[in-house]
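Residue strings, one per chain:
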Amino acid sequence: MDQAFWSYLFVGLSFALYVGIAIWARAGSTNDFYVAGHDVHPTLNGMATAADWMSAASFLSMAGLIAFLGYGGSVYLMGWTGGYVLLAMLLAPYLREFGKFTVPDFVGDRYYSTFARIVAVICALFVSFTYIAGQMKGVGVAFSGFLGIPFEWGIVIGMVVVFFYAVLGGMKGVTYTQVAQYCVMIFAYTVPAIFISLTITGNVFPQLGFISDVRGEDISMLAKLNGVLTDLGFAEYTSTNKTMIDIFCITAALMFGTAGLPHVIVRFFTVKSAKAARISAGWALLFIAILYTTAPAVGAFARLNFIDTVNEATYVSDEDYETRSAEIEAEGGKAVPAWFKNWEPTGLVSFEDKNGDGQMQIRGPNAPDGLENEVTANNDIFVLANPEIARLPGWVIGLVVAGGMAAALSTAAGLLMVISSAVSHDLCRRTLFKGMSDTTELRIARVAAAGAVFAAGLVGLFADKLGFVAQVVAFAFGLAAASLFPVIFLGIFWKRMNKEGAIVAMLTGLITTFGYIYFFKFGGGTPDQYLFGISPEGIGFLFMWVALIAGIVTALMTRAPSQEIQDLVEDIRVPGSRTGHGEGDAAMPPG
Amino acid sequence: MSDTEKPVAAGSRPDHSAYWRATLTLTLSLLAVWFVVSFGAGILLRDFLDQFSIGGAPLGFWFAQQGAIYVFVVLIFIYCIGMNRIARKHGIKG
């Protein structure tokens, strides 16, 4: 029970730290609550953004996903990092110069329209809720998998902790806890990665191990992996079964989607200036890249190591594992590794002796010896079992548990801020009750955050029961790319873009992308019906262009925006020149 | 249509069109690199690049899983330096 002790200790300590930060960083005004007083240091904001961005899926599942997909996994690696280049150069500094609190704020004021603001609120809420379901589920899984606490209670504990710092501290509390969570998370990810890299390639840096020779052999790690996989009847690691156009579109949809995600954009509202927003995006991507360049190395090492230690091993039952495995080793045989036995009860790895020979066969679909595959593994197992595979002490496992929890909670908190500000700020203050005082708004913001925590918990429980979490992630990125990115981009780079164009663009992107994904995920569509061979994950990129063109054509056919609005656009392009323009700024001056 | 066409009358807004043109030029050139290393090297030209290798990894594959990400990070920092330089040159304080 040594391992459970360390897990409890690290999770407990990290939770105490988060609550402590929440009490220290209490928000005193709506400015604090929504954008942390516009006063976060760019480097710290970079860390917070990295934690905000890297979810339970990035931390636990991505390395395993890449391990199974090989080259096909590149779409996630490029897609979830390349978006920051777009964000840094096309959106973040300009939106910061615009100087409000939320993404719907920009859409509503720039397009002088309550309707446009409401459509943006709907997009932001939809994207955030689909995303948060996965996070709450991640918290529940981490609790139930490691600490033996029932899944539902795991979600409740996660909710209580997030409630504490999100409701009390708002964006300010969230920001500083995310900084702490980034540190926990990156340490927990890289330590086991370094050890597994040392074991397999002898190189300290996993990124260099990835392109090194296998330790003590004269063959490169990837060449060996390709050889091992083809011998067992799998496709080569460096190949993929996806078409080039699909790979292209999925990568692009993830990039533009990343740039259009409200919980990522608002992180850049928390710094002092447009200049700070630019450099902060650089820091954010640097911090993200540490994990994202380690993940493909971990994936490849883990796949190689998994086959090496498990394939053709003799299976041993639980009762006499210690003695029996020692006997087998003494006879020069290979027994099922201890970590496999440890994780078997969780269902993340399983073995079924189909040919009854007592040996564990891992085989691909084209196995030359015609044997069936008997071993299955979940994507998450590679990161979770890494410390044991690399024979690291029990406390490292505790650290990984705390890291997974940090990844899930930090992303959940960022999403909660978007949900609560969409309700309290965009719906209440800017649409329904315009004369509201700051104190009242802050109170409503807290209530909204509390409600959002509760709703997120329910979504987590509900979504898990229905089991559709993985299917809806395509929605979040596709919708962000097709509905939010075009209007924000045109709002900055094309002064002539008007209200009518924006509404048409958002609705076109929303309806087409939603319809397409719904048809293929839930409506019974089959892959041979794909438009130009593009899967639902990549369709957001195509419909983004459709939305962009529909918006431009509509804008050209209708009246140009007023001189005031065109002046506003000029102002946000030039740092330090922002002054009040139009109705939006009269209702709420930029800050 | 463009900012330069507006008459500069007394009390009118300052003309920042040169600053904006320089910003757009920098942005477009860096985005061209962004496209070439990811969609170019990692996807479209991958088969061609895979005949070369870097430490045993096919080059196109390496770009898709490592190289593009390194270039992305560098691009943003170059952008920051470039923007600061443009701001100084055009007397923009922010």
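Cut-off values and rules
- Residues numbered from 1 in each chain as written.
- Chains lettered and ligands numbered in written order.
- Predicted model: local features only at pLDDT ≥ 70, side-chain atom pairs only at ≥ 80, totals over all residues.
- Helix = DSSP H or I, 4+ residues; strand = E, 2+ residues; numbered from the N terminus.
- Rg over C-alpha atoms; globule rule 2.2 N^0.38 Å.
- Buried ≥ 20, exposed ≤ 12 C-beta atoms within 10 Å, placed from the backbone.
- Contact = placed C-beta atoms within 7 Å.
- UniProt positions renumbered as here; feature names shortened; annotations may be inferred.
- Nonpolar A, V, L, I, M, F, W, Y, C, P; charged D, E, K, R; others polar.
- Core = buried A, V, L, I, M, F, W, Y, C linked by C-beta atoms within 7 Å.
- pLDDT = per-residue confidence, 0-100.
- Axes fitted to C-alpha atoms, helices over the stretch in contact; angles between N-to-C directions.
- Parallel < 35°, antiparallel > 145°, perpendicular 65-115°, else oblique.
- Left-handed = near helix turned anticlockwise from the far one by under 90°.
- Expected span 1.5 Å × (residues − 1).

**Remarks on the overall build of chain A**
Then, number 1: Regarding its fold elements, chain A presents 23 helices and 4 strands.
Then, number 2: On C-alpha atoms alone, chain A measures out to a radius of gyration of 25 Å, which is about the 25 Å that the 2.2 N^0.38 rule sets for 591 residues.
Then, number 3: With respect to the principal axes defined by its C-alpha atoms, chain A has extents near 85 × 50 × 40 Å.
Then, number 4: For chain A, the residues scored as buried account for 59% of the 591 residues in total.

**Thoughts on the overall build of chain B**
Then, number 1: Each helix and strand in chain B was counted, giving 3 helices and 2 strands.
Then, number 2: Scanning chain B from its N terminus toward the C terminus, one meets helices and strands in the order α-α-β-β-α.
Then, number 3: With 94 residues in all, chain B has 33% of them scored as buried.
Then, number 4: Excluding contacts between residues fewer than 6 apart, the proportion of contacts in chain B whose partners are at least 24 apart in sequence is 49%.

**A few points about the UniProt feature "domain: Sodium symporter small subunit" (unreviewed entry) in chain B**
Then, number 1: This chain's UniProt record puts "domain: Sodium symporter small subunit" (unreviewed entry) on residues 17-92 of chain B.
Then, number 2: For residues 17-92 of chain B, the end-to-end C-alpha separation is 12 Å, with 83% helix and 5% strand making up the annotated structure.

**Notes on the interface of chain A and chain B**
Then, number 1: With 43 residues of chain A at the interface, the matching set in chain B holds 37 residues.
Then, number 2: Elements with a contribution of two residues or more to the side of chain A that touches chain B: helix 5 (74-98), helix 10 (221-231), helix 11 (244-260), helix 13 (274-310) and helix 22 (563-573) of chain A.
Then, number 3: For the side of chain A that touches chain B, the element with the most residues is helix 13 of chain A, which contributes 12 residues.
Then, number 4: Tallied by class, the residues present in the side of chain A that touches chain B amount to 25 nonpolar, 12 polar and 6 charged.

**What to know about the nonpolar core**
Then, number 1: By size, the foremost hydrophobic cluster in this structure holds 236 residues, and its most contacted members are Met185 and Leu416 of chain A together with Ile76 of chain B.
Then, number 2: Take this core: its biggest share by element is 22 residues, from helix 13 of chain A.
Then, number 3: In contact with Ile76 of chain B, other than residues within four places in its own chain, are Tyr84, Val85, Ala88, Ala281, Gly282 and Leu285 of chain A.

**Quick notes on the environment of Val71 of chain B**
Then, number 1: Within the element layout of this structure, Val71 of chain B appears in helix 3 (residues 59-89).
Then, number 2: Aside from chain neighbours lying at most four places away, what touches Val71 of chain B is Val33 and Val37 of chain B.

**A few points about the confidence of the model for chain B**
Residues and elements named next belong to chain B.
Then, number 1: With 87% of its residues at a pLDDT of 70 or more, chain B has an overall mean of 85.
Then, number 2: Ranking the elements of chain B by mean pLDDT puts strand 1 (residues 53-54) last with 84 and helix 3 first with 94.
Then, number 3: The ipTM assigned to the predicted complex is 0.89, against a pTM of 0.90.

**Things to note about the packing of helix 3 (residues 42-53) of chain A against helix 8 (residues 151-201) of chain A**
Residue and element names in this part refer to chain A.
Then, number 1: Where helix 3 contacts helix 8, the two axes come as close as 8 Å, and the packing angle between them is 70°. The orientation of helix 3 with respect to helix 8, classified from their angle, is roughly perpendicular. Where helix 3 abuts helix 8, its residues Leu44, Met47, Ala48, Ala50, Ala51 and Asp52 lie against Thr175, Gln178, Val179, Gln181, Tyr182 and Met185.
Then, number 2: Class assignment for the residues of the contact of helix 3 with helix 8 results in 8 nonpolar, 3 polar and 1 charged.

**A short note on unusual backbone geometry**
Residue and element names in this part refer to chain A.
Then, number 1: At Tyr112, a residue that is not glycine, the phi angle is positive and equals roughly 35°.
Then, number 2: Its 19 C-beta neighbours within 10 Å are what place Tyr112 among the partly exposed residues.
Then, number 3: Notably, Glu312 is not glycine yet its phi reads approximately 65°, a positive angle.
Then, number 4: For Glu312, the location among the structural elements is in the loop between helix 13 and strand 1 (313-314).

**Points about the UniProt feature "transmembrane region" (unreviewed entry) in chain B**
Residues and elements named next belong to chain B.
Then, number 1: In the numbering used here, UniProt assigns the feature "transmembrane region" (unreviewed entry) to residues 22-43 and 63-82.
Then, number 2: The span residues 22-43 is 100% helical and 0% strand by assignment, and the distance between its end C-alpha atoms comes to 30 Å.
Then, number 3: Helix makes up 100% of residues 63-82 and strand 0%, whereas the separation of the span's terminal C-alpha atoms amounts to 25 Å.

**Topic: the packing of helix 5 of chain A against helix 11 of chain A**
Helix packing geometry: the angle between the two helix axes and the distance between the axes.
Residue and element names in this part refer to chain A.
Then, number 1: Running from N to C, helix 5 and helix 11 cross one another at 45°; their axes reach a closest spacing of 7 Å. When the interaxial angle is binned, helix 5 and helix 11 end up oblique. Our pair here, helix 5 against helix 11, has a crossing hand that is right-handed. Taking contact as the criterion, the partners of Val75, Tyr76, Met78, Gly79, Trp80, Gly82, Gly83, Tyr84, Leu86, Leu87, Leu90 and Leu91 in helix 5 are, on helix 11, Ile247, Ile250, Thr251, Leu254, Met255, Phe256, Gly257, Thr258 and Ala259.
Then, number 2: Here the contact of helix 5 with helix 11 is composed, by residue class, of 15 nonpolar, 6 polar and no charged.

**Comments concerning the environment of Asp109 of chain A**
Residue and element names in this part refer to chain A.
Then, number 1: Among the structural elements, Asp109 can be located in helix 6 (residues 103-110).
Then, number 2: Since 25 C-beta atoms lie within 10 Å of it, Asp109 is described here as buried.
Then, number 3: Sequence-wise, Asp109 and Asn378 are 269 residues apart; in three dimensions their C-alpha atoms are separated by 46 Å.
Then, number 4: Not counting residues within four places of it along the chain, the set of residues in contact with Asp109 comprises Lys100, Gly584 and Asp585.

**Here we look at the confidence of the model for chain A**
Then, number 1: In the predicted model, chain A carries a mean pLDDT of 86, and 97% of its residues have values of at least 70.
Then, number 2: Looking at the elements of chain A, mean pLDDT is at its lowest for helix 23 (residues 582-587) of chain A, recorded as 78, and at its highest for helix 21 (residues 539-557) of chain A, recorded as 95.

**Notes on helix 14 (residues 321-330) of chain A**
In an α-helix, one full turn covers 3.6 residues, which means residues spaced three or four apart are oriented alike.
Then, number 1: Counting buried residues along helix 14 of chain A, only 1 of its 10 residues qualify, which leaves the element largely exposed.
Then, number 2: Positive phi shows up at Gly332 of chain A, right after helix 14 of chain A, with a value of about 85°.

**Side note on helix 21 of chain A**
Then, number 1: A rise of 1.5 Å per residue sets the reference length of helix 21 of chain A, with its 19 residues, at 27 Å; its end C-alpha atoms lie 27 Å apart and thus fit the reference within 8%.
Then, number 2: Those residues of helix 21 of chain A lying buried are Ile539, Gly540, Phe541, Leu542, Phe543, Met544, Ala547, Leu548, Ala550, Gly551 and Ala555 of chain A.

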